[in-house]
Amino acid sequence: WWMLSTLWPTQRRAIEWMLYLFLVSPAFLQQVFAATYVQHFLIFPFFFISCASMMLVVRNTVSHNNTKQKNIALYFLSLIAEIVHVFSMEYFWGFEFIRPYLIWKSLPASLEKNKRLQKTLLIWLPYLVVFISAIIWRFKFAHIAEEDPNSLRLFTEFFAAPLQTILSFGTIVV
């Protein structure tokens, strides 16, 4: 709610309906397995906190609404939430590409397009650095200590020894 109301401050009724639809949406039917998805449920709000506080900083800076200390606190909240979000799991990394749109919408529409694009990219830069750092960390430095439990073992074994793999798989199934 906070992120959406920051993005569209005049659309309270539409935001309420979005949230009602989200609550009853049949898109995710595995709530009964909540323990399996607890990491997802805990990490996803950090993305929303990061984006909402970032949009408030952008709006406050443009309109000179809040004190400098409050904007600095919101900015650090936004970056810390971003760090927690991207370094905890890579499942929601794709959402980071929504951030430039949110920045663009938070800037005044009266700005010239080139100036607005320049400000959008400049504001997005620290978040992009955090995001790229997470990618580098994940693929360069964070090695799994044990064998990957989600490897394609059956698939690769099938090409090495098809008959033995089918028999082995059959005994597992039975």
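The rules behind these values
- Residues numbered from 1 in each chain as written.
- Predicted model: local features only at pLDDT ≥ 70, side-chain atom pairs only at ≥ 80, totals over all residues.
- Heavy atoms only, no water.
- Core = buried A, V, L, I, M, F, W, Y, C linked by side-chain atoms within 4.5 Å.
- Buried < 20%, exposed > 50% of the residue type's maximum accessible area, 1.4 Å probe, protein only.
- Helix = DSSP H or I, 4+ residues; strand = E, 2+ residues; numbered from the N terminus.
- Contact = heavy atoms within 4.5 Å.

A. A look at the nonpolar core. Counting 16 residues, the largest nonpolar core has M54, V86, W93, L102, I103 and Y127 as the members making the most contacts within it. If you list the elements that add at least two residues to this core, you get α3 (38–63), α4 (68–88), α5 (99–106) and α6 (113–141). Setting aside residues no more than four positions away along its own chain, M54 makes contact with S78, R99, L102, I103 and Y127.

B. Inspection of the environment of Y127 at higher detail. The residue Y127 is located in helix α6 in this model. A relative accessible area of 1% means that Y127 is categorised as buried. Expressed as a C-alpha distance, the spacing of Y127 and S78, which sit 49 residues apart in the sequence, is 9.1 Å. Y127 has contacts with S50, M54, Y75, S78, L79, E82 and R99, leaving out every residue within four places of it along the chain.

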